[in-house]
There are 2 protein chains.
Amino acid sequence: MNEPAFLAYLKEIALIHESIGLLEWDSQTGMPEKGAAHRAEVSSYLSGKAFSMSTGPEMTDYLAYFAAHPEELSEFGQAVYDKVKEEYDLNKNVPADRYQAFRKVQSMAHSTWVKAREAKDYHLFKGSLEELINFTKEFIPLWRKEEATPYDVLLNQYEPGMTVAILDDVFSQVRDGIMDIRQVVAEKGTVPDTSFLHRHVTKEQQRQFVTQVVTELGYDFSRGRLDDTVHPFMLNLNRNDARITTRWDENDFGMATLGVIHEAGHGMYEQNVAAKYDYTPLAGGVSMGIHESQSLFNEIIVGGSKAFWQRQFPALQAITGETFADVEFETFYKGLKETKASFVRIESDSLTYPLHIIIRYEIEKMIFNDEVSIDDLPQIWNDKYEEYLGVRPGNDLEGILQDVHWAGASFGYFPSYALGYMYAAQLHHGMEKELDVEAILGSDDYSAIRKWSTKNIHQYGSSRKPNRLIMDATGEALNPQYLLDYMRKLYFDVYNISE
Amino acid sequence: MNEPAFLAYLKEIALIHESIGLLEWDSQTGMPEKGAAHRAEVSSYLSGKAFSMSTGPEMTDYLAYFAAHPEELSEFGQAVYDKVKEEYDLNKNVPADRYQAFRKVQSMAHSTWVKAREAKDYHLFKGSLEELINFTKEFIPLWRKEEATPYDVLLNQYEPGMTVAILDDVFSQVRDGIMDIRQVVAEKGTVPDTSFLHRHVTKEQQRQFVTQVVTELGYDFSRGRLDDTVHPFMLNLNRNDARITTRWDENDFGMATLGVIHEAGHGMYEQNVAAKYDYTPLAGGVSMGIHESQSLFNEIIVGGSKAFWQRQFPALQAITGETFADVEFETFYKGLKETKASFVRIESDSLTYPLHIIIRYEIEKMIFNDEVSIDDLPQIWNDKYEEYLGVRPGNDLEGILQDVHWAGASFGYFPSYALGYMYAAQLHHGMEKELDVEAILGSDDYSAIRKWSTKNIHQYGSSRKPNRLIMDATGEALNPQYLLDYMRKLYFDVYNISE
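Residues numbered from 1 in each chain as written. Chains lettered and ligands numbered in written order. Predicted model: local features only at pLDDT ≥ 70, side-chain atom pairs only at ≥ 80, totals over all residues. Heavy atoms only, no water.

### Brief notes about the overall build of chain A
When helices and strands are counted, chain A shows 20 helices and three strands. In summary, chain A has a C-alpha radius of gyration of 23 Å against a globular reference of 23 Å for 499 residues, a match within 12%. Taken along its principal axes, the extent of the C-alpha atoms in chain A is 70 × 50 × 50 Å. Per-residue burial for chain A yields a buried fraction of 55% across its 499 residues. If you take every contact in chain A between residues at least 6 apart in sequence, the share linking residues at least 24 apart comes to 73%. Surface exposure of chain A reaches about 20200 Å², of which carbon and sulfur atoms provide 50%. Each charge class in chain A can be summarised by its mean position, and for the 48 positive and 76 negative side chains these summaries are 2 Å apart. (Helix = DSSP H or I, 4+ residues; strand = E, 2+ residues; numbered from the N terminus. Rg over C-alpha atoms; globule rule 2.2 N^0.38 Å. Buried < 20%, exposed > 50% of the residue type's maximum accessible area, 1.4 Å probe, protein only. Contact = heavy atoms within 4.5 Å. Areas by Shrake-Rupley, 256 points an atom, 1.4 Å probe, with all protein chains shown as cover. Lys, Arg positive; Asp, Glu negative; His and termini not counted. Charge placed at Lys NZ, Arg CZ, Asp CG, Glu CD.)

Structure representation (structure tokens):
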């Protein structure tokens, strides 16, 4: 046994994962509808192969050998080993038969979720949800290392180093801060005109415009592509093939425009990870939260910048002929940044979005602290929407059934979205110490921004933990105040409020 | 060891092949240009896996076991076993190191071929070609079973059961017959007006029209899709996912129209193989020749039918606005079916096409009978073009360097194309005993034709040999006269010649 053999073994696993990635991308972008059953066979066969290579005897032997002979690993080899060991340890205590039983319930839960959505009835999904929660509760002690509470174990899987103690603190600041901004806006703000947002813009016009925009931002189409899908995502096969997707609405150009700008942020992250991590588990973004920080930086910071739109709006006008010829720039910008409570998370604006996340966070914590009955969840859900957002869902489809995550047992995942918001604003603040961001966004060369992000975030792939990245890039730990400051400034401007 | 375990093992190999298929499709339809190097790693890793599973000790054990215990195989299991054994035997005598050396030369030959094409100079490619020929000559005795001549061994790999003796006979008839038709056409024919063929038809108009046409012919888009590519092909991942591709020229709508109709024929074959062959080597078309018979049936028989175009031309006119409003149907049909000698095979029409193939066949035979020096090939090539087609290539690019096949060492492959022509015409003749094909092609329901082909060809996948399929479907062995009769009738009509 030696390091090159270990790396070669990891490369095999990486190559299988890349192949699985393409199967997944294809099934979400254009696989013929009747190809699904055969596709499931291929994907599950290869996933099984990769899983057994990652957890089987050969991997066990490698890890045992290098645990006994750490001196045989280079610094690079050690970093790779640590990451592999971390993933291996996570699963090694879960008995294979229990894991398989869990996977089966998980795959059925997706169908019951879909059926419950059709009937707008939570009770059709409740049984599956309860089973998934019970499995997760069974696994938590097996996954647990030093985490303080059961829910900390789940958080840590998506955002290494994140804790309930930290989140309770920052989320309560964010919740209060946003509710305060919303109140001022409601009381003193001038609601922007948004009627132009629904003018007809063809798919081809939208594609031309947004392709141009994300190319300027630094998304490299020679190492990526843009396809149509139902639920937009970015999928990186490798750093030279990081693909983005979107869906288009010809009567709501803002959706795909900001959606593609968002996905391009994910893609730019992957495209700029250092080549030395190729074919190791250190290739690819480090966590959901950091990944979202990059996509949300694009969507919220860039897409919220007045200077940026001052240059891009004329480009949009040029592509769309007479469509927006009569729209003033101020009207355009303010309409684009309207804020309004919504039932559905993915339709919300950047001010209200974190509240949707905090609601899910609070409910998940209650579930894993055994403070709630599964029966009461819809009631709790609706009460929280009323309290935080001032709207009460009329049925379970626009309420508790709206997101797919729980059907996939992805408990602990939602907070990453809000972390991404806070990281993005904090990184923006860090960036401003070195760059005049607004001036750059008003110029015809955005490259300094992409380079700053590559230098501070992208290049490291998964070799540095989220808290280290944030600390090194901004000089302090997670601090939600930057997000609140940013939001206050932006929305007070949009709603003509002077402080 | 038992049959279910054997089939499960074969299924694993099939699943890997399906994944390789998607990687290949993707790399030819839209993979980001800089993704190529990573992609090569994934593809070659999985290909190596599939190859070693197909030839390694586990497969050797299965084959030895069932050779000793044939009574343990069902009839279905036996058929699968025979096919697996055939492929296994083909490779078992070739030493792994020689095969690897050959693969290396093969992959370099592609680059030298590309370079030689750029320089239009055969001499840059000659060295690679000679190496590939020498490897092939080295392997032929290892591959050989009962084949009569070395070239028979090569033929048999692409068209099981085909021999030089048969081809010499049928190709001389085809060559003489076509040259005779060409002479009459040249002497007495009225050359059709083809100017309208180059009117501008947008890609979207072409796509709409041809999608409609192939759907009517029976290509199922819920189990397939149509994408853009450089060198059009059909690729089936499985019978529920058989994808076709094309390239478009807005000033030559006939190219993509007939191209997609051709590829749809390949796709319809794969989509209609019986489900019981799924995940075995009997899934998928049996040979290149039979595959081409299905694509060429679509392209030549359907695409050459006057009744078919009498109904489809108005549909094309409706989609293209005023573009063809002034074109009479007779003008349209005759222009579409013009025949004219060309240097390049893939640009040729259906009458001259077989001559391009026969030229390659004659040269390949000379090579493997040691009757020619590699140095003399361009001279021989050009002489044959002058003799058979009346045109002499001005350089090696439009001459001997035009096709990729020799750079891939695919010697013995070309004849399949001409076999496809002859099979298509013979199947058409067989079909006419049961169906009034021209009446069906003039109607709005073509399904009887697709069903006849499924009943006689498609359903069997690779479970029956080409000669058996042709014999059962038409009542006789390969007979080139049907092609000649068909061509004579069609081209005499197009060129206004009465016999």
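### Details of the packing of aromatic side chains
Residues and elements named next belong to chain B. With the rule as written, the count across this model stands at 70 aromatic pairs over all chains. With a centroid separation of 6.4 Å and 20 degrees between ring planes, the pair formed by Tyr151 and Phe368 is classed as stacked. Placement of the pair is Tyr151 in helix H7 (residues 150-158) and Phe368 in helix H14 (residues 353-368), with a sequence separation of 217 residues. Each member of the pair, Tyr151 as well as Phe368, is classed as buried. Judged by centre distance (5.0 Å) and plane angle (85 degrees), the rings of Tyr219 and Phe221 are edge-to-face. (Phe/Tyr/Trp six-rings, centres within 6.5 Å; stacked < 30°, edge-to-face > 60°.)

### Points about the UniProt feature "active site" (unreviewed entry) in chain A
Residues and elements named next belong to chain A. With numbering aligned to this structure, UniProt lists the feature "active site" (unreviewed entry) at Glu263. Tracing the backbone shows Glu263 in helix H10 (residues 253-271). On the basis of relative accessible area, Glu263 is assigned to the buried category, the value being 8%. In contact with Glu263, not counting residues within four places along its chain, are Pro232, Phe233, Met234, Ile244 and Thr245. Of note is the side chain of Glu263, whose polar atom sits 3.2 Å from the backbone nitrogen of Met234. (UniProt positions renumbered as here; feature names shortened; annotations may be inferred. Polar contact = N/O pair within 3.5 Å; in protein donor to acceptor, adjacent residues only side chain to side chain.)

### Section: the relation of the copies chain B and chain A
For these two chains of identical sequence, chain B goes onto chain A by a turn of 180 degrees and a shift of 0.0 Å along the axis, with RMSD 0.1 Å. What the rotation and shift describe, once combined, is the action of a two-fold rotation axis. The rotation axis passes nearest to the C-alpha of Ser19(B) in chain B, at a distance of 3.4 Å. Both copies share a contact surface, since 100% of the interface residues of chain B are interface residues in chain A too. (Least-squares fit on C-alpha atoms with pLDDT ≥ 70 in both.)

### Let's talk about the interface of chain B and chain A
Opposite the 39 residues of chain B that make contact, chain A presents 39 residues. Of the roughly 3000 Å² buried between chain B and chain A on both sides combined, carbon and sulfur atoms contribute 57%. Among the residues chain B hides against chain A, the three largest losses belong to Pro32(B), His38(B) and Tyr45(B). Together they make up 21% of the total. We note a salt bridge from Asp241(A) to Arg39(B), for which the minimum N-O separation is 3.7 Å. Connecting chain B to chain A are 15 residue pairs in polar contact (both at pLDDT 80 or more). The dominant element in the side of chain B that touches chain A, judged by the number of residues it contributes, is helix H1 (residues 3-29) of chain B, at 11 residues. In terms of residue class, the side of chain B that touches chain A is built from 14 nonpolar, nine polar and 16 charged. (Buried area = accessible area lost by both parts, 1.4 Å probe. Salt bridge = Lys/Arg side-chain N within 4 Å of Asp/Glu carboxyl O. Nonpolar A, V, L, I, M, F, W, Y, C, P; charged D, E, K, R; others polar.)

### With respect to the UniProt feature "binding site: Zn(2+)" (unreviewed entry) in chain A
All names here are of chain A. In the numbering adopted here, UniProt assigns the feature "binding site: Zn(2+)" (unreviewed entry) to His262, His266 and Glu292. Of the residues just listed, which span 31 residues, no C-alpha pair is farther apart than 8.7 Å, and they cluster in one region. For His262, a relative accessible area of 10% corresponds to the buried category. His262 has contacts with Glu292, Ser295, Leu296 and Glu299, leaving out every residue within four places of it along the chain. Relative to the elements of secondary structure, His266 occurs in helix H10. Classification of His266 as buried rests on a relative accessible area of 8%. Residues contacting His266, with those up to four places away along its chain left out, are Met234, His291, Glu292 and Ser295.

### Here we look at the domain arrangement of chain A
Residues and elements named next belong to chain A. Looking at the assigned domains, one finds that chain A contains domain 1 (3-92) and domain 2 (144-499). Distance from the C-alpha centre of domain 1 to the C-alpha centre of domain 2: 29 Å. Facing 19 residues of domain 1, the contacting portion of domain 2 comprises 20 residues. Carbon and sulfur atoms supply 69% of the area that domain 1 and domain 2 bury against each other, a total of about 1700 Å² over both sides. The largest contributions to the domain 1 side of the interface with domain 2 come from Glu18, Trp25 and Lys83, which together make up 34% of the buried area. Linking domain 1 with domain 2 are one salt bridge, by the criterion used here. Residue Lys465 pairs with Glu86 through a salt bridge whose shortest N-O separation is 3.3 Å. (Domains from an automatic or database assignment.)

### Examining the nonpolar core
Ranked by internal contacts, the top residues of the largest apolar core, which has 132 residues, are Leu129(B), Phe171(B), Trp309(B), Phe332(B), Leu377(B) and Phe411(B). At 10 residues, helix H16 (residues 415-432) of chain B tops the list of elements feeding residues into this core. Among all residues touching Trp309(B), those that are not within four sequence positions of it are Phe209(B), Thr257(B), Leu258(B), Val302(B), Gly303(B), Gly304(B), Pro314(B), Phe329(B), Phe332(B), Tyr333(B) and Leu336(B). Membership of the second largest hydrophobic core comes to 131 residues, among which are Phe135(A), Val164(A), Val214(A) and Ile359(A). (Core = buried A, V, L, I, M, F, W, Y, C linked by side-chain atoms within 4.5 Å.)

### Let's talk about the pattern of salt bridges
All names here are of chain A. Here the structure, examined in full by the defined rule, presents 70 salt bridges over all chains. Asp89 is the salt-bridge partner of Lys92, the closest N and O atoms lying 3.5 Å from each other. One end of the pair is Lys92 and the other is Asp89, both in helix H4 (residues 75-92) and three residues apart, which spans about a single turn. When its relative accessible area of 47% is taken as the criterion, Lys92 is described as partly exposed.

### Let's talk about the environment of Asn91(A)
Residue and element names in this part refer to chain A. By secondary structure assignment, the location of Asn91 is in helix H4. Under the relative-accessibility criterion, Asn91 is labelled partly exposed at 25%. Separated by 37 residues in the primary sequence, Asn91 and Ser54 place their C-alpha atoms 9.9 Å from one another. Sequence-distant contacts of Asn91, that is, excluding residues within four places in its chain, are made with Phe51 and Trp143.

### A look at helix H12 (residues 306-319) of chain B
Residues and elements named next belong to chain B. With 14 residues, H12 ought to run about 20 Å at 1.5 Å a step, and its terminal C-alpha atoms sit 20 Å apart, in line with that. For H12, the principal kink sits at Gln312 and spans about 30 degrees; a proline, Pro314, occurs within the next four residues. Here H12 has its buried residues at Lys306, Ala307, Phe308, Trp309, Gln312, Phe313, Ala315, Leu316 and Ile319. Its buried side turned inward, H12 meets helix H9 (203-217), helix H10 (253-271), helix H11 (288-302), helix H13 (329-336), helix H17 (437-441) and helix H20 (481-494). A side-chain oxygen of the first residue of H12 lies 3.3 Å from the backbone nitrogen of Ala307; this N-cap is Ser305. (Expected span 1.5 Å × (residues − 1). Bend = angle between axes of the 7 residues up to and from the residue.)

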